[in-house]
Amino acid sequence: MAEEAHRSPAAQISVTRNGEADKSHEEVFHRDVPHNVSSGPNTSHSHNSPENYAMNEGVVQVGPYTGALREQQMEGAVVLADDIKSPAIEKLELVRKWSINTYKCTKQILSEKLGRGSRTVDLELEAQIEVLRDNKRKYEHVIKLAQTLCTQLAQMLQTQRQLGDAFADLSLKTPELHEEFGYNAETQKLLAKNGETLLGAINFFIANVKTLVDKTIEDTLINIKQYEAARIEYDAYRTDLEELNLGPRDANTLPKIELSQQQFQIHREKYEKMRNDVAVKLKFLEENKVKVLHNQLIIFHNAIAAYFAGNQQQLEQTLKQFHIKLKLPGGETPSWLEEH
């Protein structure tokens, strides 16, 4: 009796006639079974028989959850693939459009050079652009000549200083010609000093004209290049539309003509916008150019005239009037002689 009292509840499970476990004892089993039964050695055998699997299905429930997890993982992988594929398709589409546009523009340029294609020309704007390019070449020539003048003037000033030092030395060593050598020494040193002032004015002139040419005019020329590129695109799509309109109109060509008409309209609006922008840019450039060159030409003229007239006060006044600061030798900043 004592042995029967200590039997496990699992031993008291009755079996029906067809071999199935009696469900009336199922509650007792689930209440008293240990929680770690799934990790014990009996777990590896519980799935071998339908009866044991039925008794343990309340403990081990991994089948349905794993399947749902796999479905979620598969769905997540599909979304990730779409995310990777989408940018690749966009890049491919951009490359295709760029290739088509490049082909049409190249074809248009070759046609114009061979004299077979027509081009859109704004006579007034083209004339202004040509004048601007011609002026840029002339301003660059003036800058080059002014730089040559600075180099030659700097060499002359160096010679005048050396000559002044030689006259001063002879004035001390030749008492009978002390005054004569002394006058020449002072004259050469004064000319060298005035030459430094003139050189400062010329360098200021060069710097401002270079800014006008290399920045202001160059910026406008960049806009002009963009305008010319837009003109080529406009003519390329215009020519393409004209060729399609000359051909037959059927179910295959009508969609192409409609698409070509849309592209032509887009590039026409772009061309007109760039043309208006360039016209405005040229207008403001002309006003700025006149203002800058007016001041710089006055500086150059007054400085040259005062220097060769020997008018030191007028030469210095020219620099003060336009707030030109000289870089004197021996200062913290290098002089114009050291820079050149």
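That block above? That's the structure.
As the structure is a computational prediction, the values presented were derived from the model and not from experiment.

Basis of the calculations
Residues numbered from 1 in each chain as written. Predicted model: local features only at pLDDT ≥ 70, side-chain atom pairs only at ≥ 80, totals over all residues. Heavy atoms only, no water. Salt bridge = Lys/Arg side-chain N within 4 Å of Asp/Glu carboxyl O. Helix = DSSP H or I, 4+ residues; strand = E, 2+ residues; numbered from the N terminus. Buried < 20%, exposed > 50% of the residue type's maximum accessible area, 1.4 Å probe, protein only. Axes fitted to C-alpha atoms, helices over the stretch in contact; angles between N-to-C directions. Parallel < 35°, antiparallel > 145°, perpendicular 65-115°, else oblique. Left-handed = near helix turned anticlockwise from the far one by under 90°. Contact = heavy atoms within 4.5 Å. Nonpolar A, V, L, I, M, F, W, Y, C, P; charged D, E, K, R; others polar. Phe/Tyr/Trp six-rings, centres within 6.5 Å; stacked < 30°, edge-to-face > 60°.

(A) The arrangement of the pattern of salt bridges in detail. Considering all chains together, one arrives at 16 salt bridges under this definition. Close ionic contact of Lys-273 with Asp-277 constitutes a salt bridge, the shortest N to O distance being 3.1 Å. Highlighted residues: Lys-273 and Asp-277, both in helix 8 (residues 253-309), separated by four residues, approximately one helical turn. Taking relative accessible area as the criterion, Lys-273 reaches 52% and is therefore assigned exposed. Since its relative accessible area comes to 36%, Asp-277 is described here as partly exposed. The partner of Lys-289 in a salt bridge is Glu-286, with the nearest N and O atoms 3.1 Å apart. Of the two residues, Lys-289 and Glu-286 are both situated in helix 8; the distance of three residues between them amounts to about one turn of the helix. What you see here is one network of salt bridges that share partners, running through Arg-231, Asp-235, Arg-238 and Glu-242.

(B) The packing of helix 7 (residues 178-246) against helix 9 (residues 312-321), seen in detail. Relative orientation of the contacting elements helix 7 and helix 9 amounts to 25 degrees, with a least axis distance of 10 Å. Comparing the axis directions of helix 7 and helix 9 gives the class roughly parallel. The hand of the helix 7/helix 9 crossing is left-handed. Of the residues in helix 9, those in contact with Leu-190, Lys-193, Asn-194, Thr-197, Leu-198 and Ala-201 of helix 7 are Gln-312, Leu-315 and Leu-319. Here the contact of helix 7 with helix 9 is built from residues that sort into five nonpolar, three polar and one charged.

(C) A look at the packing of aromatic side chains. Within this structure, the stated rule accounts for six aromatic pairs. Ring centres of Phe-167 and Phe-181 lie 6.1 Å apart, and the angle between their planes is 35 degrees; on these two criteria the pair is classed as tilted. Note that Phe-167 is positioned in helix 6 (residues 123-173) and Phe-181 in helix 7, a separation of 14 residues in sequence. Ring geometry for Phe-205 against Phe-300: centres 5.0 Å apart, planes inclined by 45 degrees, an arrangement best described as tilted. Taken together, the residues Phe-205 in helix 7 and Phe-300 in helix 8 connect sequence positions 95 residues apart. Joined through ring pairs, the aromatic side chains of Tyr-227, Tyr-234, Phe-264 and Tyr-271 make up one cluster.

On their own, these measurements won't tell you what the molecule is for.
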